[in-house]
Structure formats: structure tokens, C-alpha cells
Amino acid sequence: MKLYWTELRRSPLRWWFPLLLVLDLVALFGRNLWWIGEWPQTSAQAQIPAFYFASLLAAAAAWAAGRTSRNNLDEQLAVAARPGWQIELAQLSATLTYGLVVYGVGVAVAASVSLPTAGPGFLWPTYIFLGVALLVIFASAGHLVGRRSRSQFAGPVLCGLGSLVIISWFGAPTALGLFAISAAPFEQVSLLVLVDHCVLAFLLTVAACLVTRPPSSSVGHTWAGKRRRQLRVISLGALVVSVIAGMVTAGPLQVPRSSPRQPACTSGGSPKVCVWPEDHKYLPQAQEMQDRMRRLPAGMFTIPTVFYERGLRGMRDSYDDFYIMDGSMWDPSVTIAGSIMAASRPKGCPLPIGPRITDQFKQAEAELNVWLAMRIFGGGVPAGMHGGPPNVDLNAVARVVTQPEGAQVEWAQQRIETIHHAFCG
Amino acid sequence: MDTVVRVSGLTQGYGKSAVISGLDLDIGHGVFGLLGPNGAGKTTLLRTFATITPPLSGTIEIVGQEVTSERAARLVRRQIGYLPQDFGYHPGFSVYEFVRYCAWLREVPSARVHEAAVRVIDQVGLSDRMKAKMKSLSGGMVRRAGIAAALVGSPRLVLLDEPTVGLDPAQRLEFRKLIRSLNNTAVVLSTHLVEDVAAICREVAVMSSGEFLFQGSPRDLSAQAPSGDGVGDTPLERGYMAVLNRRTVGER
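The numbering scheme is per chain: residues are counted from 1 as the chain's sequence reads. Chains and ligands are labelled sequentially in the order written, the chains with letters from A and the ligands with numbers from 1. Residues qualify for local features only when their pLDDT is at least 70, as the model is predicted, and side-chain atom pairs are given and counted only at 80 or more; totals for whole chains, interfaces and linings, by contrast, use all residues. No hydrogens and no water enter the side-chain calculation; it runs on all heavy atoms of the structure.

Going by what an unreviewed UniProt entry lists, chain B is known as ATP-binding cassette domain-containing protein and is assigned to Streptantibioticus rubrisoli. The heading Sequence similarities (unreviewed entry) in the UniProt record of chain B holds the text "Belongs to the ABC transporter superfamily." UniProt positions are given in the numbering used here, feature names are shortened, and annotations may be inferred rather than shown by experiment.

In C-alpha cells form, the structure reads like this:
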């Protein structure tokens, strides 16, 4: 324990600690702020700094581990009564402590800013552990490399850049799933994948502590014997490779979550908009959307009685259910508009096929869909939103939404007639 | 004599080439000097005594324990203080931290570490520099801190590889006094400096090419000097050179 404190005091990270804290807060708040008030998103966001820290910790661990050889201490460590793993573990723990403390501060800050507005629950530990596993994996790998490199710069640079490349290229949720970018309430971290990560972190820590440098490069033989050392390295290497293979084949990082017993729904009768309890903070916006749907021109549309957020009715056949993307209600508005369009199709006429699907029909349907979405959303499109369905001028439709109700009804009626003609001839 | 180190039939070397072959030796309490030219195998022998490298063949017993495995080696290492010729330290450590670190490596019981560290630092005359960073010390002070690290926890076997290199004459005298004061301890001292051997060693061995050319008291080594003028300024130097020259002549 005393050595741990000594290692902590002489770790190079003690000078970098304030900078790491700043980096943590920038990573936390610099990307966006819509995660505040929603526990799964807060948890995923709190885990994001680990993406950056993992590379830094790998470099720092390599630098710290290399000091033993650089300072010519191999010979004294070789004659230590204390098992080598304790010596290595004290050093690796000191490096990890700085990384985990900074990470922990970020998690605490994220939780504290979310707490006042968040729905039921608290941080989702699986996302937090995902970040911890990422830090341990790369710090251990850095220690392992650093212990075998005498260079002050080559090892750390190799580890830092290598880790960044590995995490960026192979760490995505769809690949090795080393980190999550966001966390919708309808999905959760796969326990199988998380356990794989934890096992890999454990194995690499064991490897970092056990597979150390031989006492001196001039020594041809040791008590353990070359063959035994090689066997140890090969066994640990094989285990690590099999765990990584397990990660590749374990499926996606995030898997569907079972539906809640009681979703959070808008009040005041039909049509209701229901969201996950974790998305409680969107209820006021959903209520406004409900009110706007009620103000749609009477008799023109058939409006379903309930609209669900994705996953509330299970993940099968959830194409009609909306998804709150990036904290904006635009995507739900588009999805809800699509549902209204589908419900409002002429009854008793077959779906148009072949030559009846004219460009005019497609444009009318797309424009009407966008118009409905804009009405439900509250006019216009969100800032930064460009493009839209093919051949639809979003700005032109946005201008329609600002016109008097009578003009809008006339504009919509023209498109409804075009659609009706395509259906019923 | 209480035997602290006992080797029999020891063959040691790197790869398949033997540096030391078929050595038998018992070392008891007191200072045992190893004299010999560069490449004689002194450091290899010390590293073997330190249990860093297992013998290629033969047996080695340290403080009554035969060392046959890493586990057995770790047990006896608690009783071994080792100062390599080119020893290392973390420059950011204070003298106290460095000595305490070495005590921790030797598994000195934690309740005893502070007292043991302070005592050896005092013994090597660095009490007033206890909190000074290792990187701020002169070469001689660093060497003294190294000696303190080797002595911390009162090991029963102390292995010192060229410990007086870098010490000024006054410090060498202090070093000799310190080594003489160690009771119930076997000290194996590898050195080039014949006067250190003359001053403090109870027994001395002259090594060349991995073989012991001579083993006996410093007085016996002095007696090896040829009558008349030999090579060297002191009787011991002349005795040492005579032993080495005999070997060289024999080889021719």
C-alpha cells in the first residue's frame, strides 16, 4: 500500500491531472447538452471521456512502466523478495487511479447536472463500467508495452497513437463495441459484451503484472525457465485473443430492452403521445405536439389514437414508432406525420402500383408529409436541418406553414386529391 | 564458522558457455573479498549468490536454504542485500524513499521499515540529506545511499559489487568502518581495490576466467608475492599480481 502511495506521488499524471479534468469536462459538455435530464443518455455521455483518456492512459502507463528499465532498476527488482506482480500492480494502479478519478469526477458532474430534471432512475452502471473497462484495457496494454521498452518516447507515442487508432477504427459500437456514442432508453448494454470487456481488462492487467521483462537483457536463463516464460506468454496471449474473438462474435454492444409497465404519456385524451419513463423530460414537448395534432384541419386526416416511442411496444414492427434523435422532436414529428398519412389513405382503394405511382403522386405525398411534420413540430425545421425527401423544397413548405389556415387547407387539399386519384383513379 | 553461502559444483554462464565451472565454496560471517581483473566472473558469481540467475549446474545454499526454484529464491532474498555495480534509482525519490523502497522490495516487515531505513541512512552518514532527491546527490552520496539500501533490514548476506567506486578517501574509510561494524553478517565484496581487501576482508579469493586462483586470508595472499621486487606497491598487490601472473604464465 505504501508503494502505491509512493507511485501515486511520483506518477507523471499528477502534473496532467488538471488538464485531464478540463479535457473531461470539454468531452462531457462540448459535444451537445441534450443528454442532460435523461439517465441513459447521461450515462453514455459520462462514458465518452474514456474514449480520449484510454489513449492518454496507455501512453502514460507506457511511460511510467518504462522508468524501471530507464532508471536501471531491473537488477534490483530481480533480487526482490516481493513477487514481481505486486511491484507492477502498484505502478499500474497509480496510473489507473488518476485516469479513474478524473473519469469518476466526470461521471459525478454528469449525474449532478442531470439530477434536477431527469426522470426516474439514476445512472446506468453498465455504461459507466464500459468506460472503466476501456480505461483498464488500454492502461494495461500500455504498461505491458512500456515495461519492454527502454525508450522514453517510442513506447508512449506508440501506445498513445496505437490506442487512438484501435479505438477509433475498431472500437465503434458496431465493431468491437469498446464505447457507446449514445444510449436510447429502448436499448441497453449487452451484458455478454460487457462481461467480455471486463474479462479482457482483467486478463490484460494480469498480463501487465506477470509478463514482465527478464531481470537483465544479458541473462540467458532465469528460474522460471525460458520455456515456462514462453508458455506463460503464449497462454495469456491465447486467452486475450480468444476474449477478443468473443467480443467480435458476442453481437451488438446495445440490445433491446424490455418495455416498461407504464410509459409516460401526454394527458388530455386522444391522440396521446407516449415516451419511455426515462424520456420524461420530453413530455411537455410531446404535449404541445398533441395539441398541434388536435388543431389540424378537421376532417382532412385520420389521426391514430396513440403514438409510441420506439421500443414501448417491443422492437418488432416498431417502424411506426418514433425515435427521439439528438434531443430533437423533429424526427418524432416526421414519424408521426408518416403514421397519420398512412392512416389517412383512402379506404377501399388498393395501394397504387405501376404507372399510377407518378412523380406528381410521390411529390404530393412527400410534401404533405413534410407539411404535417412541420405543423406537429411547431413550424419550420430545426436549425441545422437541411435536405429532406427527394424533390421537396423544405423552405417552400416551411413558408406554407406560415400562411393563414385557409391557404394551408387549400394547399393540402390539392395534394390530398392527387393522392386520392393515385389510389382510386 | 556459520556458513551463510555454500556452493558446490557450481557452473554458471550465459547460454551454453560457462563463465564459472565446478566451483566449491563456503562463506561464513565476516567480509569475503573477491579480487580479479575485468571479466573474471566476479559479477556473475555475485548475481548467482543474489539468486538472480540459477546455476547451470551444481547447488547453491543461502542461509541454510537450498535454492532450487523462484519460490525458494524469493524466500532467501529477504536475507540478501545486494548493491549492483551500476545500481539504479528513481531520480525523483528522496534518499529516505529510495531506502524504504528497497526495504519494501526485500519484504522488511512494515512496522520495522521506518526505523530500519533511518538507521542505515544514519550509518552511511546521509541523515542530513534524508529528504534530498536522489538526483541532487553527488556520485559519492548516491553510492552511500546504495550501500544504505543494501543494508536496510539487516540482511544476513550482503553482496557489494565495487561499492567504493566514486567514494573519496575519507568516505572509503567510513565505508570500511561501517562494513567492519556489521555483526552476524556475511559480506561478499567484489572489488578492484586491493587496499579495501587488505583493510576489511577476513578472507579473499582471486578470480580469473571464472576460476578461483587463490583463496585464503589477505595475509596468505601477501605471502604469495615472490621474494625480491614483484609487481605492485604493497605486499598484497604484489601477492595478487603474482597469483594472476602465475596463471598467465601457466596458460602460455
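From this point, the narrative continues.
Engineer: Give me the lowdown on the confidence of the model for chain B, citing residues and values where you can.
Structural biologist: For chain B, mean pLDDT is 88; residues scoring 70 or higher make up 95% of the total. Scored as a whole, the predicted complex attains pTM 0.87, and scored at its interfaces, ipTM 0.87. The pLDDT score gives, residue by residue, the confidence of the prediction method on a 0 to 100 scale.

Engineer: Please set out the pattern of salt bridges residue by residue, giving values where relevant.
Structural biologist: Salt bridge, as used here, is a side-chain nitrogen of Lys or Arg placed within 4 Å of a carboxyl oxygen of Asp or Glu. Evaluated as defined, the whole model comprises 20 salt bridges over all chains. In this structure, Arg10 of chain A engages Glu7 of chain A in a salt bridge whose closest nitrogen and oxygen atoms are separated by 3.1 Å. Among the residues examined, Arg10 of chain A registers a relative accessible area of 11% and is labelled buried. Burial classification: accessible surface area is computed with a 1.4 Å probe over protein chains only, and a residue below 20% of its type maximum counts as buried, one above 50% as exposed, and the rest as partly exposed. The class of Glu7 of chain A is buried, set by a relative accessible area of 2%. Across the salt bridge formed by Glu203 of chain B and Arg202 of chain B, the nearest N and O atoms sit 3.6 Å from each other.

Engineer: Can you lay out the sheet that holds strand β5 (residues 306-308) of chain A for me, pointing to particular residues and giving the numbers?
Structural biologist: The strands that make up a sheet pair up through hydrogen bonds in the backbone, lying either parallel or antiparallel. All names here are of chain A. Reading across the sheet, the 3 strands line up as β3-β4-β5 and stay open at both edges, with mixed pairing between neighbours. The open sheet has two edge strands, β3 (264-265) and β5, and neither has a second partner. Should DSSP find at least two bridges between two strands, the strands are taken to pair. Comment: elements are numbered from the N terminus, with helices defined as DSSP H or I runs of at least four residues and strands as E runs of at least two. Examined bridge by bridge, β3 and strand β4 (residues 272-275) share 2 bridges and lie antiparallel to one another. Residue pairing for β4: Ala264 is matched across the bridge by Val275.

Engineer: Can you tell me about the interface of chain B and chain A, naming the residues and giving the values?
Structural biologist: Two residues form a contact once any of their heavy atoms are found within 4.5 Å. Counting residues at the interface gives 37 residues for chain B and 29 residues for chain A. Once two parts are put together, the accessible area they lose, assessed with a 1.4 Å probe and summed over both, is termed the buried area. Regarding the contact of chain B and chain A, the summed buried area is about 3100 Å², with carbon and sulfur atoms giving 60% of it. Together, His90, Trp104 and Leu105 of chain B form the three largest contributors to the area buried by chain B at its contact with chain A, with a combined 22%. Our count for the contact surface shared by chain B and chain A stands at 2 salt bridges. A salt bridge links Glu97 of chain B to Arg9 of chain A; its shortest N-O distance comes to 2.8 Å. In protein, a polar contact requires one atom able to donate a hydrogen and another able to accept it; more generally it is a pair of N or O atoms within 3.5 Å, and residues adjacent in sequence count only if both atoms are side-chain atoms. On the surface where chain B and chain A come into contact, there are 16 residue pairs in polar contact (both at pLDDT 80 or more). At the level of secondary structure, the elements contributing two or more residues to the side of chain B that touches chain A comprise β1 (3-14), α2 (70-77) and α3 (95-105) of chain B. Ranked by residues supplied to the side of chain B that touches chain A, first place goes to α3 of chain B with 6 residues. Taken together, the residues that form the side of chain B that touches chain A break down as 18 nonpolar, 9 polar and 10 charged. Just so you know the grouping, Ala, Val, Leu, Ile, Met, Phe, Trp, Tyr, Cys and Pro go in nonpolar, Asp, Glu, Lys and Arg go in charged, and all remaining residues, Gly too, go in polar.

Engineer: Please provide a residue-by-residue account of the pairing of strand β9 (residues 203-208) of chain B, values included.
Structural biologist: All names here are of chain B. β9 sits mainly inside the fold: 6 of its 6 residues count as buried. The alternating pattern of β9 places Glu203, Ala205 and Met207 and Val204, Val206 and Ser208 on opposite faces, both of which are buried. The pairing of strand β3 (residues 30-35) with β9 spans 4 bridges and is parallel. When the bridges of β9 are listed, Leu35 appears paired with Val206. What sits between the antiparallel neighbours β9 and strand β10 (residues 211-216) is a turn of 2 residues, in which Ser209 has the positive phi angle 50°.

Engineer: Quick one: what's the story with the state of the cysteines, residue by residue and with numbers?
Structural biologist: Residue and element names in this part refer to chain A. By definition, disulfides here are pairs of cysteine sulfur atoms that lie within 2.5 Å. Scanning the model with the defined rule gives 1 disulfide over all chains in all. Between the sulfur of Cys265 and that of Cys274 lies a disulfide, 2.0 Å long from S to S. The sign of the 110° torsion about the S-S bond sets the Cys265-Cys274 disulfide as right-handed. Note on Cys274: relative accessible area 2%, which makes it buried. Considering cysteine sulfurs only, Cys209 is the nearest to Cys159, which forms no disulfide, with 15 Å between them.

Engineer: Could you give an account of the pairing of β1 of chain B, naming the residues involved and the relevant values?
Structural biologist: All names here are of chain B. Both β1 and strand β2 (residues 17-28) contribute to a ladder of 8 bridges, which runs antiparallel. In the strand pairing of β2, Thr3 is matched with Gly28. Relative to strand β4 (residues 57-62), β1 runs antiparallel, the two being bridged by 5 bridges. The residue bridging Ser8 from the neighbouring strand is Thr59, located in β4.

Engineer: Outline the packing of helix α2 (residues 13-29) of chain A against helix α4 (residues 49-70) of chain A, listing residues and values.
Structural biologist: Residue and element names in this part refer to chain A. Think of each axis as a best-fit line through the C-alpha atoms, taken over the contacting stretch in the case of a helix, with angles from 0 to 180 degrees between the N-to-C directions. Contact pair α2 / α4: the axes reach a minimum separation of 10 Å and the direction vectors enclose 160°. By the angle class used here, α2 and α4 are roughly antiparallel. The handedness of the crossing between α2 and α4 comes out as right-handed. Taken together, the residues of α4 that come into contact with α2 (itself represented by Leu13, Leu20, Leu23, Asp24 and Ala27) are Pro49, Tyr52, Phe53, Leu56, Leu57 and Ala60. Between 65 and 115 degrees an angle is taken as roughly perpendicular, under 35 as roughly parallel, over 145 as roughly antiparallel, and anywhere else as oblique. Two helices that cross are described as forming a left-handed crossing if the nearer one is turned anticlockwise from the farther one by less than a right angle, and a right-handed crossing if clockwise.

Engineer: So, helix α3 (residues 39-47) of chain A: which residues are in play, and what are the values?
Structural biologist: All names here are of chain A. Counted residue by residue, α3 has 9 buried out of 9 residues, so it is predominantly covered. Residues Trp39, Pro40, Gln41, Thr42, Ser43, Ala44, Gln45, Ala46 and Gln47 constitute the buried set of α3. Of the surrounding secondary structure, the elements contacted by the buried residues of α3 are α2, α4, α6 (84-114) and α7 (125-147).

Engineer: Pulling in residues and values, what's your account of the packing of helix α1 (residues 2-9) of chain A against α6 of chain A?
Structural biologist: Residue and element names in this part refer to chain A. Here α1 crosses α6 at 50°, and the two axes come no closer than 8 Å. Judged by the inter-axis angle, α1 sits oblique to α6. Along this stretch, α1 crosses α6, giving a crossing that reads as right-handed. Within the contact between the two elements, α1 uses Leu3, Tyr4, Glu7 and Leu8 and α6 uses Ile87, Ala90, Gln91, Ser93, Ala94, Thr97 and Tyr98. For the contact of α1 with α6, the per-class residue count stands at 7 nonpolar, 3 polar and 1 charged.

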